[in-house]
Amino acid sequence: MLVVYVVIWSSAVLLGLSAVWGLVWAIRTGQFHGLREGAESIFDDGEPVGTPTDFFPGAARSAASASGTKAGAMEEKWRR
Amino acid sequence: MASIAVTKPAAVDSQELLTRVQTDRSCRQTVLIYYTSAVFWLLLGSVLAILASLKMHIPGFLAEWEWLTFGRVRPAHLTSMIYGWAVMAAIGTLLWLQARMGRVRLPLPLLLPVSGIVWNVGVAYGMIAILIGYSTSTEWLEFPVPVLGFFGFCLVLVIYASLVMMMRRKVHHTYVSQWYIYGGVLWFPFLYVSALILTQAPHVNGTVRAIANWWFAHNVLGLWLTPIGLASAYYFIPKVTGRPVHSYHLSLLGFWTLALFYNWAGTHHLVGGPIPAWVITVGIVGSMMMFIPVTTVAINHHMTMLGQFGHLKTSPTLRFVVFGAMSYTLVSFHGSLAALRSFSEVAHFTHHTIAHSHLGVYCFFTMMMFGAMYYIFPRILRREWSSAPLIKVHFWTTAIGSIIYVVGLGWAGLVQGWMMNNPDIAFMDVVKYTIPWLESRSVAGTLMSIGHVVFAILVWRMLRGDGAEQQGPTLFTTARSLRAQRERKARARERAKGVA
């Protein structure tokens, strides 16, 4: 019984402390500053903001041919 | 079918592309093992689900074999779906997301794939034990205690890999999805171990067991599946539409309030039960406080999607993820209100609860994982999905099936509750009333299972390499995205001119 108490209480306290530590760490290392850059941190030059990255197979090709834009033409050229 | 063009690698910063390709490549073995196993358990869980559902309105169906009786098939369905499908899909997704967001390679290239196999052995052992009659009979914890050894081994590795990726990450900022993942990864092992001690230790008896049981069962959804599901939504919605999260402030507030309040909510499952009233009241207060994180998430997902709904037509990932995100809002608000005593007086111990749990684990979490898999599989295998029509069949069968399921049983449960509260109605009349709705569940379950089989076929064809191969390092850059990129550059030039 003593073992059960020790395990439960010590792990509950440790888990609580880890959350407090996480919050303190986040404030100290400036995780809550520069939120606009933070929101954009999942984008990069290859997949920048404004670029959709997922399509049904085949959808992009028809979109490209249908659009008849320069980009579509370029894409056709690369495919050939 | 060469559907999507590959841009010239030189067109964009090649170092970044190389990093992305390398991180995706480093995840291949591990994520594949976790994902394909998850799909296997999903199929097995679907078979068990249909068996259990049929037995509710055809009681004699397959009743002569004891290992196929309702009392065994039903927990086998639940554990197969939770520990086989949901947890394995969640681990695959969270490892890939962390590697992607931290721009680091996945560590432990040998041990993590092994952990996937060990997890499978654990689930298989537990499933056999349940079917031959060695369940612990504690809901959500039916696996025999030794399964903890298998799960513990894997979870330690997943925690270690997560911490290593956090230390090595190339991006200083901790994105909101990373917060959710770190939370989930640290909370779930603690939950599992402590609930196992509190329900299986010989010193713990009676109602205390029930309290620990429902604290655990509720928190598996709230502190493990929800963080991983929301981490996926916060990554995939912005990433697929190309639009950052609407309010990043709110998203962080949502994480910290979820961390603070969710853990308290579990005891609302015991409204009316023989436990101290204050324990239940604490659970109800916790459930009501959940309005804060859920509102932040709902606002964010809706506002990020506003004006972007056109992408639903073109992106398989987004369809599933948005369906999941909408279900999250619905299931959470419904759950908070259902925790109230006045509502529980009617809906408790009826089919309404089953509808609610499927709205959570299926409509929210499972659909979210389908969305994640549609995004991740092509990127780790560098291959296109083989068939757009099959993806659409998968989406519509699972979406319509789950809606029939939730609406049918949700309504039937309410009426069942009202009827049971009326002493003038005979119990058998209540039972007879529910039968057509139970049949509708079997229809819904069959529809969802058809979707799962279609998905399994797509995954099988993906593994066999049926889809168009992608050679260049830029995956899925399309004519459309190139056009958007060019327009953006033109706008930037104009802005620069304006400043000058």
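It should be emphasised that the depicted structure is a prediction, and the values quoted were computed from it without experimental measurement.

Draft legend 1. Molecular detail of the overall build of chain A. Helix and strand content of chain A: four helices and zero strands. What you see in chain A, going N to C, is helices and strands ordered as α-α-α-α.

Draft legend 2. Main features of the overall build of chain B. Across its full length, chain B holds 17 helices and zero strands. Over its C-alpha atoms chain B spans a radius of gyration of 23 Å, differing by no more than 12% from the 23 Å that the globule rule assigns to 500 residues. Dimensions of chain B, computed from C-alpha atoms along their principal axes, come out at roughly 80 × 45 × 45 Å. Once local pairs closer than 6 in sequence are excluded, the contacts in chain B between residues at least 24 apart make up 85%.

Draft legend 3. Region of interest: helix H6 (residues 176-200) of chain B. With 25 residues, H6(B) ought to run about 36 Å at 1.5 Å a step, and its terminal C-alpha atoms sit 36 Å apart, in line with that. With 18 of its 25 residues buried, H6(B) lies for the most part within the structure.

Draft legend 4. Examining helix H16 (residues 427-464) of chain B more closely. All names here are of chain B. Counted at 1.5 Å a residue, the expected span for H16 with its 38 residues is 56 Å, and the 54 Å between its end C-alpha atoms agrees. Helix geometry: H16 is bent most strongly at Ile435, by close to 35 degrees, with proline Pro436 lying one to four residues after it. Directly after H16, the chain includes Gly465, whose backbone phi takes a positive value near 85 degrees.

Draft legend 5. Spatial organisation of the environment of A:His33. Following the sequence through the fold, A:His33 ends up in the loop between helix H1 (2-28) and helix H2 (35-39). Counting along the chain gives 22 residues from A:His33 to A:Phe55, while the straight-line C-alpha distance between them is 34 Å.

Draft legend 6. Region of the structure containing the packing of helix H12 (residues 316-338) of chain B against helix H14 (residues 351-381) of chain B. Residues and elements named next belong to chain B. The interhelical angle for the contact between H12 and H14, taken along N-to-C directions, is 160 degrees, at an axis separation of 8 Å. Here H12 is positioned roughly antiparallel relative to H14, judged by the angle of their axes. Regarding H12 and H14, the two cross each other, and that crossing is left-handed. A class-by-class count of the residues in the contact of H12 with H14 yields 16 nonpolar, eight polar and no charged.

Draft legend 7. Local environment of the environment of B:Ala388. Mapped onto the fold, B:Ala388 is located in helix H15 (residues 388-421). Placed 70 residues apart in sequence, B:Ala388 and B:Leu458 show a C-alpha to C-alpha distance of 9.8 Å.

Draft legend 8. The arrangement of unusual backbone geometry in detail. Residue and element names in this part refer to chain B. Positive phi values are uncommon outside glycine, yet Arg103 reaches one of about 50 degrees. Positive phi, normally seen in glycine, also occurs at Phe349, with a value near 65 degrees. Here Phe349 is to be found in the loop between helix H13 (341-347) and H14.

Draft legend 9. Inspection of the packing of H15(B) against H16(B) at higher detail. All names here are of chain B. Two elements in contact, H15 and H16, have axes whose closest approach is 8 Å; the angle formed by their N-to-C orientations is 160 degrees. The orientation of H15 relative to H16 falls into the category roughly antiparallel. H15 and H16 meet at a crossing whose hand is left-handed.

Draft legend 10. Broad picture of the confidence of the model for chain A. Residue-level pLDDT values for chain A average 75, and 72% of them are 70 or greater. Throughout residues 61-80 of chain A the model reports pLDDT below 50, and contacts reaching past four residues in sequence, or to other chains, amount to 23 contacts.

Draft legend 11. Layout of the confidence of the model for chain B. All names here are of chain B. Here chain B averages 91 in pLDDT, while 93% of its residues score no lower than 70. A low-confidence stretch, residues 1-11 (pLDDT under 50), is modelled with 35 contacts involving residues beyond four sequence positions or located in other chains. For the stretch residues 471-475, pLDDT sits under 50, and the model shows 17 contacts to residues farther than four places along the chain or on other chains. Per the prediction output, this complex has pTM 0.90; the corresponding ipTM is 0.82.

Draft legend 12. A look at the environment of B:Leu390. Mapped onto the secondary structure, B:Leu390 falls in helix H15. With residues up to four places along the chain from it excluded, the contact list for B:Leu390 reads B:Val454, B:Ile457 and B:Leu458.

About the thresholds
- Residues numbered from 1 in each chain as written.
- Chains lettered and ligands numbered in written order.
- Predicted model: local features only at pLDDT ≥ 70, side-chain atom pairs only at ≥ 80, totals over all residues.
- Helix = DSSP H or I, 4+ residues; strand = E, 2+ residues; numbered from the N terminus.
- Rg over C-alpha atoms; globule rule 2.2 N^0.38 Å.
- Contact = placed C-beta atoms within 7 Å.
- Expected span 1.5 Å × (residues − 1).
- Buried ≥ 20, exposed ≤ 12 C-beta atoms within 10 Å, placed from the backbone.
- Bend = angle between axes of the 7 residues up to and from the residue.
- Axes fitted to C-alpha atoms, helices over the stretch in contact; angles between N-to-C directions.
- Parallel < 35°, antiparallel > 145°, perpendicular 65-115°, else oblique.
- Left-handed = near helix turned anticlockwise from the far one by under 90°.
- Nonpolar A, V, L, I, M, F, W, Y, C, P; charged D, E, K, R; others polar.
- pLDDT = per-residue confidence, 0-100.

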